[in-house]
Amino acid sequence: MAFEDKMDQLKSSMNNKAVNESPAPRISKSYTLKQDIANELANRAKEKELTASRYLEQLLKKEFDK
């Protein structure tokens, strides 16, 4: 019985979280980078202890938030 109660509690908390949050829409696109650019992106991201995609996201935010 305790397991079922815990599952019900988890389900209700998951449902509430989804209702309360309205995440920004994400666009899923695929782009191909030249090898030297991809390597430079990866190196710079590693210096900042980020993944290449997170680092690229930061660069794009700076560029578009002018």
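Student: Quick one: what's the story with the environment of Thr 51, residue by residue and with numbers?
Tutor: Summarising the element assignment, Thr 51 is placed in the loop between helix 2 (35-47) and helix 3 (52-64). Owing to a relative accessible area of 46%, Thr 51 belongs among the partly exposed residues under this scheme. Sequence-wise, Thr 51 and Leu 41 are 10 residues apart; in three dimensions their C-alpha atoms are separated by 9.4 Å.

Student: Account for helix 2, with residues named and values stated.
Tutor: With 13 residues, helix 2 should reach 18 Å at 1.5 Å per residue; the first-to-last C-alpha distance of 18 Å fits that figure. Following helix 2 by one or two positions, Glu 49 adopts a phi angle in the positive range, close to 55°.

Student: Could you give an account of the layout of surface pockets, with specific residues and numbers?
Tutor: One number sums up the size of the largest pocket: a volume of about 440 Å³. In terms of lining, the largest pocket is formed by Pro 25, Arg 26, Ile 27, Ser 28, Lys 29, Tyr 31, Ser 53, Arg 54, Glu 57, Leu 60 and Lys 61. Here the lining of the largest pocket is composed, by residue class, of four nonpolar, two polar and five charged. Estimates place the volume of the second largest pocket at around 240 Å³. Those elements giving two or more residues to the lining of the second largest pocket turn out to be helix 2 and helix 3. Broken down by element, the residue count for the lining of the second largest pocket peaks at five residues, all from helix 3. Tallied by class, residues from the lining of the second largest pocket come to seven nonpolar, one polar and one charged.

Student: Account for a nonpolar patch on the surface, with residues named and values stated.
Tutor: On the surface, Leu 56, Leu 59, Leu 60 and Phe 64 cluster together into a nonpolar patch covering about 370 Å² of accessible area. The topology assignment puts Leu 59 in helix 3. What makes Leu 59 partly exposed here is its relative accessible area of 34%.

Student: Could you give me a rundown of the packing of helix 2 against helix 3, with the residues and numbers involved?
Tutor: Two quantities define a packed helix pair, namely the angle between the axes and the distance from one axis to the other. Where helix 2 contacts helix 3, the two axes come as close as 8 Å, and the packing angle between them is 95°. Compared by their axis directions, helix 2 and helix 3 come out roughly perpendicular. Here Leu 41, Ala 42, Arg 44 and Ala 45 of helix 2 come into contact with helix 3, specifically with Ala 52, Tyr 55, Leu 56 and Leu 59. Split by residue class, the contact of helix 2 with helix 3 holds seven nonpolar, no polar and one charged.

Parameters at a glance
Each residue is numbered by its place in its chain's sequence as written, counting from 1. Reporting in this predicted model follows two pLDDT cut-offs: at least 70 for local features of residues, and 80 or more for side-chain atom pairs to be given and counted; totals over whole chains, interfaces and linings ignore these cut-offs and use all residues. Only hydrogens and water are set aside when side-chain values are computed; all heavy atoms of the structure are taken into account. Every helix listed is a DSSP run of H or I at least four residues long, and every strand listed is a run of E at least two residues long, numbered separately from the N terminus. Using a 1.4 Å probe on the protein chains alone, a residue whose accessible area is under 20% of its type maximum counts as buried, one over 50% counts as exposed, and one in between counts as partly exposed. The span one expects for a helix is its residue count, reduced by one, times 1.5 Å. Note on definitions: the grid is 1 Å and covers protein atoms alone; a cavity is a set of points where a 1.4 Å probe fits but cannot get out; a pocket is an open set with protein on both sides within 12 Å along at least five of seven lines; lining residues have an atom within 4 Å of a point. Grid points are joined across faces, edges and corners, and a volume is the space filled by probe spheres set on the points. Note on residue categories: nonpolar means Ala, Val, Leu, Ile, Met, Phe, Trp, Tyr, Cys or Pro, charged means Asp, Glu, Lys or Arg, and polar means any other residue, Gly included. Within the patch definition used here, like charges are joined within 9 Å and nonpolar side chains (Val, Leu, Ile, Met, Phe, Trp, Tyr) within 5 Å, considering only residues with over 30% relative accessible area and no salt bridge. Each accessible area is a Shrake-Rupley result for a 1.4 Å probe, and residues are judged covered by the shown protein chains and nothing else. Take a side-chain nitrogen of Lys or Arg and a carboxyl oxygen of Asp or Glu: if they are within 4 Å of each other, that pair is a salt bridge. Note on geometry: axes are lines fitted to C-alpha atoms, helical ones only across the stretch in contact, with angles between N-to-C directions running from 0 to 180 degrees. Each angle receives one of four descriptions, namely roughly parallel if under 35 degrees, roughly antiparallel if over 145, roughly perpendicular if within 65 to 115, and oblique otherwise. Contact definition: two residues touch when any of their heavy atoms are within 4.5 Å.

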